[in-house]
Every structure is written in structure tokens, then in C-alpha cells.
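If you want the building blocks of each chain, they are given just below.
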Amino acid sequence: MNRSIDVASEADPLTALRAATASRHAALDAGLPIGAPDASLHDYVAHLVLLRTWLVPLHAWLAGFADGPQFDHAGRVARIDADLADAGYVSPATSDSAAWPAEASPAYRLGVYYVIEGSQLGGAVLYERLRDRLAPHRLRYLKGDDAGPGPRWRGFMQALRAGVRTPAEIADAAAGACAAFDRILALRAGPRNGGA
Ligand code: HEM
């Protein structure tokens, strides 16, 4: 496993991040009820609450840095809130107290952004799978931007390739991506495992 990461990292930071996080994405994907073919609106609401609880503190932490990359997630959170309201739910107060590091390199933060931005790619796949089943709910969060996730993902790829070049930066980015996945995995598992 380490060997494949080393080889990949020389070629491309995206390949390295995929290799570093593939098992975590698989664990998340396999364990989320929203991924099941018969997912219900209740499963979607639970997914929104999980994503919101993960995303809001992460975004607040990322926005606190004066240097490095910045990607805005306000639209994403607004779509989560609109979807929750449509389903008759009030958005939860965010009580995730996980301590994200006060010092973190731009490469580490690009690794965290990789997970946040990438989650929208899976969302687009889920949208196509669930749109008819859960209609008339609009599934705004899964649908994402009208243009689809492609343009935003390409913009992120440019930032990733500009900001993650050296082996040390790739290692930092992989650490950030793994930490972001580990946080949502812990939140999914519940309070005894580090959830809010
Ligand atoms: C059941 C829920 C999920 C499913 C079925 C799913 C599925 C997928 C699929 C099919 C892709 C590839 C999309 C494409 O290439 O166009 C993808 C990409 C990705 N997903 Fe998920 N996903 C889910 C949840 C999540 C969550 C909650 C996160 C993060 C918190 C996440 C993180 C990512 C990342 C980082 C990528 C980019 C991978 C890459 O191209 O390097 N996914 N997902």
C-alpha cells in the first residue's frame, strides 16, 4: 500500500489522494444508508444532518486561514438547510467540538478540501439514483450546482496541482484527506466514537 502511494505521488496528487483514502471512502460508502438502492427520505434527512455536522465546523476552520486555498461552501450548506426544511426538519445546531489543528499547511488543507469537494461527485451519482424514488423532494444538496459538479471539480484540480507538488506536500495533503474522512466516519459511528 505504501509503495503504491509513493509511486502514484510522483505522478499526480489526485492519484496519491485516491490511494491514501480509498479504503476510507469504501468504508463510508458501504455504511451509509443513503447508498442503499431502497434509501428513504428518512435516510436522506439523516445523511443531510451528518454532512452538515461535519461540514459546518470544517468550513469555519478552513475559513480562518489567511493564506492558501479558499473554497466557499455557503451554497452547499444553504441547500442542506433548504432540503431539511422541505422534509419538515429544522437544521441542527452544530456541536461538533473536534479540534482541527490551529496550524495546518496549505497542502494539508487542500487534502481536506479534496474530501469536501469530492463528496459532491458521489452526490451527483446518488442524485441520479434517487431523484425519481424520492420525488417530489428536490434533493438540492445531492443535485448541487445546475452545471453539475464538473466545473467546480476542475477548478479544485487546478488548485490541487498548483499547491501539492513535492513529496512532503503530497504527504501533508494525504494526512488532511485522511483526517477529514476519519472525522465523518467517527460522526457516523456516534458519540461514543467521537461523534457530536
Ligand atoms: C453513500 C454515499 C456515497 C456514494 C455512493 C459515493 C460514491 C462516489 C462515486 C461514485 C464517486 C466517483 C464519482 C465520479 O467519478 O464521477 C465518488 C467520489 C468521491 N467521493 Fe463519494 N460517495 C458517497 C459519499 C461520500 C462522502 C460522504 C464523502 C466525503 C465525506 C465522499 C467523498 C468522495 C471523494 C473525495 C470523491 C472523489 C474521488 C476521486 O475522484 O478522487 N463520498 N463518490
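To be clear, the structure that these remarks concern was listed above.
These numbers were taken from a predicted model, which means no experiment stands behind them.

Asker: Residues and numbers for the overall build of the chain, please.
Answerer: Helix and strand counts for the chain stand at 8 helices and 0 strands. Helices (α) and strands (β) of the chain occur, in sequence order from the N terminus, as α-α-α-α-α-α-α-α. The buried share among the 196 residues of the chain stands at 44%. Sequence-distant contacts in the chain: of pairs separated by 6 or more residues, those separated by 24 or more amount to 78%.

Asker: Give me helix 4 (residues 74–86): which residues, what numbers.
Answerer: Compared with an ideal rise of 1.5 Å per residue, which puts 13 residues at 18 Å, helix 4 spans 18 Å between its outermost C-alpha atoms and is within 8% of the ideal. Those residues of helix 4 that fall on the buried side of the exposure criterion are R76, V77, I80, D83 and L84. Looking down the long axis of helix 4, one finds its buried residues gathered within 125° of arc, a one-sided arrangement. Looking at the packing, one finds that the buried side of helix 4 touches helix 3 (41–63), helix 5 (106–130), helix 6 (140–143) and helix 7 (150–163).

Asker: Now, about the layout of surface pockets: what can you tell me, with residues and values included?
Answerer: Space inside the largest pocket adds up to approximately 620 Å³. The wall of the largest pocket is formed by 28 residues, among which H25, G118, S119, G122 and G123 lie closest to the centre. Those elements that provide at least two residues to the lining of the largest pocket are helix 2 (13–31), helix 3, helix 5, helix 6 and helix 8 (167–189). Sorting elements by how many residues they give to the lining of the largest pocket places helix 5 first, with 10 residues. Here the lining of the largest pocket is composed, by residue class, of 17 nonpolar, 8 polar and 3 charged.

Asker: Describe the coordination of the iron atom of the ligand, and please don't skip the residues or the numbers.
Answerer: When four donors bind a metal tetrahedrally, each ideal donor-metal-donor angle is 109.5 degrees, and when six bind octahedrally, the ideal angles are 90 or 180 degrees. Donor atoms from the protein around the iron atom of the ligand number only one, H25 (NE2), found at 2.1 Å. Tracing the backbone through its elements, the reader meets H25 in helix 2.

Asker: Got a sec to walk through the nonpolar core? Specific residues and values, please.
Answerer: Of all hydrophobic cores here, the largest spans 55 residues; its most connected members are W54, W61 and F156. The element contributing the most residues to this core is helix 5, with 11 residues. For W54, the contacting residues outside a window of four places in its chain are V115, I116, A180, R183, I184 and L187.

Asker: Explain the packing of aromatic side chains residue by residue, including any values.
Answerer: For the structure on display, the rule yields 7 aromatic pairs. Taken together, a centroid distance of 5.4 Å and an interplanar angle of 90° make the contact between W61 and F65 edge-to-face. Comparing W61 with F65 shows no difference in burial state: the two are buried. Three or more aromatic residues link up through ring pairs in this structure, and these residues are F71, Y113, Y114, W153 and F156. Above the face of the F65 ring, R109 is positioned so that its terminal group lies 3.9 Å from the ring centre.

Asker: Could you give me a rundown of the site of the ligand, with the residues and numbers involved?
Answerer: Of all residues adjacent to the ligand, which total 20 residues, the nearest are R18, H25, D29, Y114 and G118. Between the ligand and R18 there is a distance of 2.6 Å, counted from an oxygen atom to a side-chain nitrogen or oxygen. With respect to the ligand, the side chain of Y114 contributes an N or O atom lying 2.7 Å from an oxygen atom. Spatially, the ligand is embedded in the largest pocket. Those elements that place two or more of their residues in the shell around the ligand are helix 2, helix 5 and helix 8. The element that contributes the greatest number of residues to the shell around the ligand is helix 5, accounting for 8 residues. Classifying every residue of the shell around the ligand by side-chain character gives 13 nonpolar, 5 polar and 2 charged.

Calculation rules
- Residues numbered from 1 in each chain as written.
- Predicted model: local features only at pLDDT ≥ 70, side-chain atom pairs only at ≥ 80, totals over all residues.
- Heavy atoms only, no water.
- Helix = DSSP H or I, 4+ residues; strand = E, 2+ residues; numbered from the N terminus.
- Buried < 20%, exposed > 50% of the residue type's maximum accessible area, 1.4 Å probe, protein only.
- Contact = heavy atoms within 4.5 Å.
- Expected span 1.5 Å × (residues − 1).
- Arc of directions from axis to C-beta.
- 1 Å grid on protein atoms, 1.4 Å probe; cavity = no way out; pocket = protein on both sides within 12 Å on 5 of 7 lines; lining within 4 Å.
- Points joined across faces, edges and corners; volume = space filled by probe spheres on them.
- Nonpolar A, V, L, I, M, F, W, Y, C, P; charged D, E, K, R; others polar.
- Donors = N, O, S within 2.8 Å, 3.2 Å for Na, K, Ca; no water.
- Core = buried A, V, L, I, M, F, W, Y, C linked by side-chain atoms within 4.5 Å.
- Phe/Tyr/Trp six-rings, centres within 6.5 Å; stacked < 30°, edge-to-face > 60°.
- Lys NZ or Arg CZ within 6 Å of the ring centre and 35° of its normal.
- Near = heavy atom within 4 Å.
- Polar contact = N/O pair within 3.5 Å; in protein donor to acceptor, adjacent residues only side chain to side chain.
- Sits in = over half its atoms within 2 Å of the grid points.

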